[in-house]
Amino acid sequence: MRSIGEMARDGGLGVSALRFYDRAGVLVPAWVDPVSGYRWYEAGQLEEARLLARLRRAGMPLADIRLVLAAWSGADMDLVRGLLQAHLRRLELGLSDARSEFSALRALLDRRETHPMNSLHTATTARLSVPAPELAAALDAVRFAAGTDAELPMLGGVLFDVEGDGLHLVATDRYRMAVAQAPTTGHGGPRTQVVVPLPLADAMRALLTGEEPVHLQLDGDRVTMETGDRQTAGRSLGHEFPDYRRLVGLPAGRRAHIDTAAFRQALESGPVRLSETREQDGEPHDLSVLRVAENGSVIVCDDNDDDQANVAVNREFLLDALAAGARDELILELGAPTAPLAIRRPDDEDAFSLLMPVRSEN
């Protein structure tokens with residue numbers, strides 16, 4: 001017999017995935033300890049687990065996977081071959097349609113690049129001062145959301161957006177976004193934006209240990225920060241950052257005040273589901289499904305709760321956002337199941353995080 005941990009390791013499926021497929025009746029353990037609830041699998045189920053992992057990586061729907069596994073142990077493989085061929089045809093048709101749409105989009109992109117819009121970038125020198133504690137707090141609030149995808153280098157940094165007497169810091173990896181603000185003095189010019197690469201942003205944060213103001217200088221593609229007799233500098237990313245202001249104007253949702261520590265514990269010990277898609281880093285993720293109850297509290301929904309108002313989010317991303325919120329109490333704002341989940345500070349409306357919802361297999 002294999003424990004669920006051994007089955008996960010040898011079968012190529014995560015523990016949470018094995019629990020999900022047990023509940024779905026797709027891969028049921030041979031024995032469940034009646035006292036501890038621990039799952040045990042027979043040696044022969046390892047082949048089924050590996051087959052299941054391959055089918056999921058190929059994106060086969062759960063209904064078809066169920067039939068493939070049911071027919072796998074028989075002598076007649078016609079049903080299995082038919083299901084595999086049908087799924088392959090769906091994938092090929094989808095790819096053909098996607099290629100056609102992308103061809104049209106590339107043509108639109110080529111025409112747009114011929115007549116570019118005005119852009120915000122650091123074309124002239126800008127100098128400003130920022131209190132060190134406020135800049136440190138702003139970096140801490142957004143750093144977790146920065147992208148690491150080499151194919152999207154413009155997201156691999158923190159946007160410094162200077163306008164008036166405010167400095168907005170923004171980071172996003174497409175699936176989450178974080179925004180924070182720090183006050184400034186000394187900047188009297190036009191709105192200026194620069195994307196600071198993550199290594200330079202981290203070097204800045206390492207120097208922000210005192211209470212004195214720090215001085216930022218944006219000079220073309222060079223960014224310099226001075227604090228006391230210490231300095232760090234480097235080149236900005238040579239890319240434009242997306243217009244984040246278009247992304248943060250969300251319809252009002254239901255707001256709930258949460259005790260951060262208690263809610264974190266509820267997430268870590270509560271039920272999880274498996275994501276239906278693999279768009280986030282190419283792998284399924286553990287999801288927490290949430291709903292605001294009538295009394296204003298946030299419920300971490302169990303497996304059998306399929307209320308249409310539920311919102312599913314990447315649990316790891318939500319835990320990161322709670323840590324970045326840096327408050328004993330935070331506000332969760334849940335809208336429609338397709339709308340981003342917002343995590344806000346009760347004392348600072350200018351610092352918040354957004355998490356994209358994810359479809360769950362349930």
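Residues numbered from 1 in each chain as written. Predicted model: local features only at pLDDT ≥ 70, side-chain atom pairs only at ≥ 80, totals over all residues. Heavy atoms only, no water.

**Concerning the side chain of aspartate 22**
No. 1: Assignment of secondary structure puts aspartate 22 in helix α2 (residues 15-23).
No. 2: A relative accessible area of 17% places aspartate 22 in the buried class.
No. 3: With residues up to four places along the chain from it excluded, the contact list for aspartate 22 reads Leu27, Val28, Pro29 and Arg39. (Helix = DSSP H or I, 4+ residues; strand = E, 2+ residues; numbered from the N terminus. Buried < 20%, exposed > 50% of the residue type's maximum accessible area, 1.4 Å probe, protein only. Contact = heavy atoms within 4.5 Å.)

**Section: the sheet that holds strand β2 (residues 31-32)**
No. 1: Spatially, the three strands line up as an open sheet ordered β1-β3-β2, and their pairing is antiparallel. A strand with exactly one partner marks an edge of an open sheet, and here the two such strands are β1 (2-3) and β2.
No. 2: Of the pairings in the sheet, the one linking β1 to strand β3 (residues 39-41) comprises two bridges and is antiparallel in character. Across the sheet, residue serine 3 finds its bridge partner in β3, namely tryptophan 40. (Pairing = 2+ DSSP bridges.)

**Focus on the pairing of strand β11 (residues 230-235)**
No. 1: Here strand β10 (residues 222-227) runs beside β11; their pairing, made up of six bridges, is antiparallel. Bridge pairing in β11 links methionine 225 to threonine 232.
No. 2: Linking two consecutive strands that pair antiparallel, namely β10 and β11, is a turn of two residues; a positive phi of about 60 degrees is found at glycine 228 within it.

**Details of unusual backbone geometry**
No. 1: At arginine 174, a position not held by glycine, the phi torsion is positive, near 90 degrees.
No. 2: Residue arginine 174 is classed as partly exposed on the basis of its relative accessible area of 45%.
No. 3: With a phi close to 55 degrees, alanine 326 is a non-glycine residue in the positive phi region.
No. 4: With respect to the element layout, alanine 326 can be found in the loop between α9 (315-325) and β17 (329-334).
No. 5: Judged by its relative accessible area of 48%, alanine 326 falls in the partly exposed class.

**Comments concerning the sheet that holds strand β4 (residues 126-131)**
No. 1: What the four strands build is an open sheet, ordered β4-β9-β10-β11; its pairing is antiparallel. Each of the sheet's edge strands pairs with one partner strand only, and the pair in question is β4 and β11. Within this sheet the neighbouring strands show an average axis-to-axis angle of 15 degrees, counted without direction.
No. 2: In this structure, strand β9 (residues 213-219) lies alongside β10, joined through five bridges in antiparallel fashion. Its bridge partner being in β10, glutamine 217 is matched across the sheet by threonine 224. (Axes fitted to C-alpha atoms, helices over the stretch in contact; angles between N-to-C directions.)

**Points about the nonpolar core**
No. 1: Of all hydrophobic cores here, the largest spans 59 residues; its most connected members are Leu135, Phe160, Phe263, Leu290, Leu318 and Leu332.
No. 2: Top element by residues in this core is helix α6 (residues 132-142). It accounts for seven residues.
No. 3: Once you skip the residues sitting within four places of it in the chain, leucine 135 turns out to touch Val130, Phe160, Leu167, Leu169, Ala182, Leu208, Val214 and Met225.
No. 4: Leu46, Ala53, Val68 and Leu83 belong to the second-largest nonpolar core, a separate cluster that totals 26 residues. (Core = buried A, V, L, I, M, F, W, Y, C linked by side-chain atoms within 4.5 Å.)

**Details of the packing of helix α4 (residues 62-72) against helix α5 (residues 78-114)**
No. 1: Closest axis-to-axis distance for the α4/α5 pair is 9 Å, and the angle between their directions is 155 degrees. Classified by the interaxial angle, the pair formed by α4 and α5 is roughly antiparallel. For α4 against α5, the interelement crossing comes out left-handed. Taken together, the residues of α5 that come into contact with α4 (itself represented by Asp64, Leu67, Val68, Ala71 and Trp72) are Leu79, Val80, Leu83 and Arg90.
No. 2: When grouped by side-chain class, the residues that make up the contact of α4 with α5 number seven nonpolar, no polar and two charged. (Parallel < 35°, antiparallel > 145°, perpendicular 65-115°, else oblique. Left-handed = near helix turned anticlockwise from the far one by under 90°. Nonpolar A, V, L, I, M, F, W, Y, C, P; charged D, E, K, R; others polar.)

**Observations regarding the UniProt feature "domain: HTH merR-type" (unreviewed entry) in the chain**
No. 1: The positions that UniProt labels "domain: HTH merR-type" (unreviewed entry) are, in the present scheme, residues 1-71.
No. 2: End-to-end, the C-alpha atoms of residues 1-71 are 23 Å apart, and along that stretch the chain is 56% helix and 10% strand. (UniProt positions renumbered as here; feature names shortened; annotations may be inferred.)

**A word on the packing of helix α3 (residues 45-57) against α4**
No. 1: At a closest axis distance of 11 Å, the pairing of α3 and α4 adopts a crossing angle of 150 degrees. Between α3 and α4, the angle falls in the class roughly antiparallel. Note that α3 runs across α4; the crossing there is right-handed. Here Glu47, Glu48, Leu51, Leu52, Leu55 and Arg56 of α3 come into contact with α4, specifically with Ile65, Val68, Leu69 and Trp72.

**Looking at the pattern of salt bridges**
No. 1: Inspection of every chain in the model, using the stated rule, returns 21 salt bridges.
No. 2: In this structure, arginine 245 engages glutamate 163 in a salt bridge whose closest nitrogen and oxygen atoms are separated by 2.6 Å. Residue arginine 245 is located in the loop between β11 and β12 (254-259), and its partner glutamate 163 is located in strand β5 (residues 157-163); the two are separated by 82 residues in the primary sequence.
No. 3: On the accessibility criterion, glutamate 163 (38% relative accessible area) is partly exposed.
No. 4: Note that arginine 255 and glutamate 333 form a salt bridge whose closest N and O atoms lie 3.2 Å from each other. On the criterion of sequence distance, the pair formed by arginine 255 in strand β12 and glutamate 333 in strand β17 is long-range, its members being 78 residues apart.
No. 5: Residue classification places arginine 255 among the partly exposed positions, given a relative accessible area of 41%. (Salt bridge = Lys/Arg side-chain N within 4 Å of Asp/Glu carboxyl O.)

**Concerning the pairing of strand β8 (residues 192-197)**
No. 1: Burial runs high along β8: six of the six residues are buried.
No. 2: The two faces of β8 match: Thr192, Val194 and Val196 on one face and Gln193, Val195 and Pro197 on the other face are all buried.
No. 3: Across six bridges, β5 lies against β8 in antiparallel orientation. Counted as the bridge partner of leucine 159 is valine 195 from β8.

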